[in-house]
Amino acid sequence: MVPVRSKILIIEDDRKMSAALVLGVEGAGYDVTAAGSAEEGFFLVHSLQPDLLLLDLTLPQRNGLDILKQIRKEGLDLRVLILTSHNTIEDRVEGLRTGADDYLGKPFSFPELMARIDALLRRFLPSTQGTPLIIGDLSIDTRTRTASRSGEQIDLTSREFDLLLYLAENHGRTVSREMLAKDVWRETSRFTPIDNVIDVQVARLRRKVDERFSVKLLQTVRGLGYSLKEPQP
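Here is what the cut-offs are and how they apply
- Residues numbered from 1 in each chain as written.
- Predicted model: local features only at pLDDT ≥ 70, side-chain atom pairs only at ≥ 80, totals over all residues.
- Heavy atoms only, no water.
- Helix = DSSP H or I, 4+ residues; strand = E, 2+ residues; numbered from the N terminus.
- Rg over C-alpha atoms; globule rule 2.2 N^0.38 Å.
- Buried < 20%, exposed > 50% of the residue type's maximum accessible area, 1.4 Å probe, protein only.
- Contact = heavy atoms within 4.5 Å.
- Areas by Shrake-Rupley, 256 points an atom, 1.4 Å probe, with all protein chains shown as cover.
- Lys, Arg positive; Asp, Glu negative; His and termini not counted.
- Charge placed at Lys NZ, Arg CZ, Asp CG, Glu CD.
- Pairing = 2+ DSSP bridges.
- Axes fitted to C-alpha atoms, helices over the stretch in contact; angles between N-to-C directions.
- Salt bridge = Lys/Arg side-chain N within 4 Å of Asp/Glu carboxyl O.

## Describing the overall build of the chain
Looking only at helices and strands, the chain has 8 helices and 11 strands in total. Over its C-alpha trace the chain gives a radius of gyration of 19 Å, about what one expects of a compact globule, namely 17 Å for 233 residues. C-alpha atoms of the chain, sized along the principal axes, occupy 60 × 35 × 35 Å. Split into buried and exposed, the 233 residues of the chain put 45% on the buried side. For the chain, the proportion of contacts with a sequence separation of at least 24, taken over those separated by at least 6, is 59%. Accessible area of the chain: about 12000 Å², with a carbon and sulfur share of 50%. The average position of the 32 basic charges and that of the 34 acidic charges among the side chains of the chain differ by 3 Å.

Structural data, given as structure tokens:
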């Protein structure tokens with residue numbers, strides 16, 4: 001669904017962290033370039049014209065938010081995912097208001113990072129828009145916002161469709177409640193946990209998607225979250 005060789009630029013001054021990110025993101029099929037300073041990184045933003053920027057905030061000489069402000073001031077068509085140890089609610093709000101498309105605090109899990117990268121690129125890059133998402137006998141039509149299993153229509157509310165689509169876009173990966181709260185419910189603050197709301201909605205979705213079928217697609221990953229996938233034989 002995502003272009004295989006989308007270009008990703010990493011601006012990170014910690015060499016070990018940078019090397020680990022390059023190794024992992026390249027391994028997922030992306031074209032990756034790393035910069036160790038704000039100056040080098042900002043030069044590469046213009047020369048490489050990447051599709052996505054992974055941006056650390058704590059950089060020598062120039063703060064990552066300064067780079068972000070300049071990118072938005074120039075109107076560059078670039079998705080920005082902040083990766084930083086500055087992870088208070090105030091930090092996240094400032095980063096998002098400055099123009100970040102997403103914000104992930106360190107330490108983070110690599111599967112979650114890749115899920116967020118994939119989601120950002122799907123959201124903003126040309127892809128197979130209009131082509132139904134197929135998982136086993138489940139078909140999801142993003143144009144009509146409808147879903148069916150084995151040709152049988154599934155009656156979904158708008159929220160249930162958004163939830164199913166998000167799980168399908170992360171097919172095979174585990175998505176946490178925090179990811180669902182942010183990306184489906186659009187909750188940027190965790191002052192009021194909505195985990196119970198999420199669990200109820202997932203239970204309703206599971207009944208509609210799986211109850212009448214022998215093969216169960218919507219899986220609960222204990223202690224981690226949920227995954228939409230075909231069971232292993």
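## Section: the sheet that holds strand 8 (residues 146-149)
Strands in a sheet are paired, the pairing made by backbone hydrogen bonds, and the direction either parallel or antiparallel. Sheet architecture is open: 4 strands sit in the order 6-7-8-9, paired in antiparallel fashion. Strands at the two margins of the open sheet, each flanked by one partner only, are strand 6 (133-135) and strand 9 (152-154). Direction aside, neighbouring strands of the sheet carry axes that sit 25° apart on average. Sheet topology places strand 8 next to strand 9; 3 bridges connect them, and they run antiparallel. Bridged to Ala 147 within strand 9 is Ile 154. Lying over the sheet, helix 6 (residues 158-169) contacts strand 6, strand 7 (138-141) and strand 8, oriented at roughly 115° with respect to strand 7.

## What about the pattern of salt bridges?
In this structure the tally under the stated criterion is 16 salt bridges. For Glu 12, the salt bridge identified is with Lys 106, shortest N-O distance 2.7 Å. Here Glu 12, found in the loop between strand 1 (7-11) and helix 1 (15-27), pairs with Lys 106, found in the loop between strand 5 (102-105) and helix 5 (110-124); they are 94 residues apart in sequence, far enough to count as distant. Ionic pairing is found between Lys 208 and Glu 160, a salt bridge with its closest N-O pair at 2.7 Å. Of this pair, Lys 208 sits in helix 8 (residues 195-210) while Glu 160 is found in helix 6, placing the two residues 48 residues apart along the sequence. With relative accessibility at 4%, the residue Glu 160 sits in the buried group.

## Looking at the side chain of Asp 56
Checked against the element boundaries, Asp 56 lands in the loop between strand 3 (52-55) and helix 3 (64-73). The exposure class of Asp 56 is buried, given its relative accessible area of 5%. When sequence neighbours within four positions are dropped, the list of residues in contact with Asp 56 reads Ile 11, Glu 12, Asp 13, Gly 64, Leu 83, Thr 84 and Lys 106.

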